[in-house]
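Okay, here's what each chain looks like letter by letter:
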Amino acid sequence: MTSSSVNFDVNRTSSNMCGVTLMNNQNGYVVAEVMGRKPGIKISEFPSMIRVDGPNKIIFDYAEITEALGTEFDGSDFEEIMSTHYGRMVHLDDMTIMFANPEDAAEYIDFDLTPVEQ
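Residues numbered from 1 in each chain as written. Predicted model: local features only at pLDDT ≥ 70, side-chain atom pairs only at ≥ 80, totals over all residues. Heavy atoms only, no water.

**Student:** Explain the overall build of the protein chain here, please?
**Tutor:** Helix and strand counts for the protein chain stand at four helices and seven strands. Traced from its N-terminal end to its C-terminal end, the protein chain shows the element sequence β-α-β-β-β-α-α-β-β-β-α. Across the 118 residues that make up the protein chain, the buried fraction comes to 32%. Contacts spanning at least 24 positions in sequence make up 57% of the contacts within the protein chain whose residues lie at least 6 apart. Accessible surface for the protein chain amounts to roughly 8100 Å². Of this, 49% is attributable to carbon and sulfur atoms. (Helix = DSSP H or I, 4+ residues; strand = E, 2+ residues; numbered from the N terminus. Buried < 20%, exposed > 50% of the residue type's maximum accessible area, 1.4 Å probe, protein only. Contact = heavy atoms within 4.5 Å. Areas by Shrake-Rupley, 256 points an atom, 1.4 Å probe, with all protein chains shown as cover.)

Encoded structure:
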């Protein structure tokens, strides 16, 4: 049996980042292309996936994506090409919003920021 002397550091502070992994197919490529035009969004393309990462909040606007694709794009299409995500995800009829911090999504997820008295 061998042992490793590799140590990993833990940093529990918020990165203020959120993102998704998309399939690297025709629709995923166009979505990444649309998102890459937005300020602060980083696109990383790999052979089988595309990463879309950004600070604080990312909005995937279906009308904007529909226009770029030339065909209707909605939440079910987004779910089909997305494999993983990090951050709080909120699906609406016309967009998907990713939040780096759950508190920022409070109004959408019925999250009460008021402390509870005990």
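From this point, things continue past the structure.
**Student:** What is the right way to read the packing of helix H1 (residues 26-36) against helix H2 (residues 62-69) from this model?
**Tutor:** In a pair of packed helices, the angle between the axes and the distance between the axes together describe the arrangement. Running from amino to carboxyl end, H1 crosses H2 at an angle of 120°, the nearest separation of the two axes being 10 Å. With respect to each other, H1 and H2 are oriented oblique. Crossing of H1 over H2 shows right-handed handedness. The residues of H2 that touch H1, namely those facing Asn 27, Val 30, Val 31 and Val 34, are Glu 64, Ile 65, Ala 68 and Leu 69. Split into classes, the residues belonging to the contact of H1 with H2 amount to six nonpolar, one polar and one charged. (Axes fitted to C-alpha atoms, helices over the stretch in contact; angles between N-to-C directions. Parallel < 35°, antiparallel > 145°, perpendicular 65-115°, else oblique. Left-handed = near helix turned anticlockwise from the far one by under 90°. Nonpolar A, V, L, I, M, F, W, Y, C, P; charged D, E, K, R; others polar.)

**Student:** So what exactly am I meant to see when it comes to the packing of aromatic side chains here?
**Tutor:** What characterises a pair of aromatic rings is the spacing of the ring centres plus the angle enclosed by the ring planes. Counted by the stated rule, this structure contains three aromatic pairs. Taking the centre distance of 4.8 Å and the plane angle of 50° together, the rings of Phe 60 and Phe 78 count as tilted. Of the two residues, Phe 60 is situated in strand E4 (residues 57-61) and Phe 78 in helix H3 (residues 75-81); the sequence distance between them amounts to 18 residues. Each of the two residues, Phe 60 as well as Phe 78, counts as buried. Note on Tyr 62 and Phe 73: the rings are 5.8 Å apart at their centroids and 65° apart in plane angle, and the pair reads as edge-to-face. (Phe/Tyr/Trp six-rings, centres within 6.5 Å; stacked < 30°, edge-to-face > 60°.)

**Student:** I would appreciate a short explanation of the pairing of strand E6 (residues 88-91) in the present structure.
**Tutor:** Here is the key point about a regular strand: its side chains alternate between the two faces of the sheet. Taken together, the four bridges between E6 and strand E7 (residues 95-99) define a ladder with antiparallel strand orientation. Its bridge partner lying in E7, Arg 88 is registered against Phe 99. (Pairing = 2+ DSSP bridges.)

**Student:** Help me understand the environment of Ile 109, please; the structure alone is not making it clear to me.
**Tutor:** Position of Ile 109 among the secondary structure elements: in helix H4 (residues 106-109). Assessed through its relative accessible area of 31%, Ile 109 is described here as partly exposed. Each C-alpha atom of the pair Ile 109 and Val 90 lies 7.7 Å from the other, and the pair is 19 residues apart in sequence. Apart from the residues lying within four places of it in its own chain, the contact partners of Ile 109 are Arg 88, Val 90 and Pro 102.

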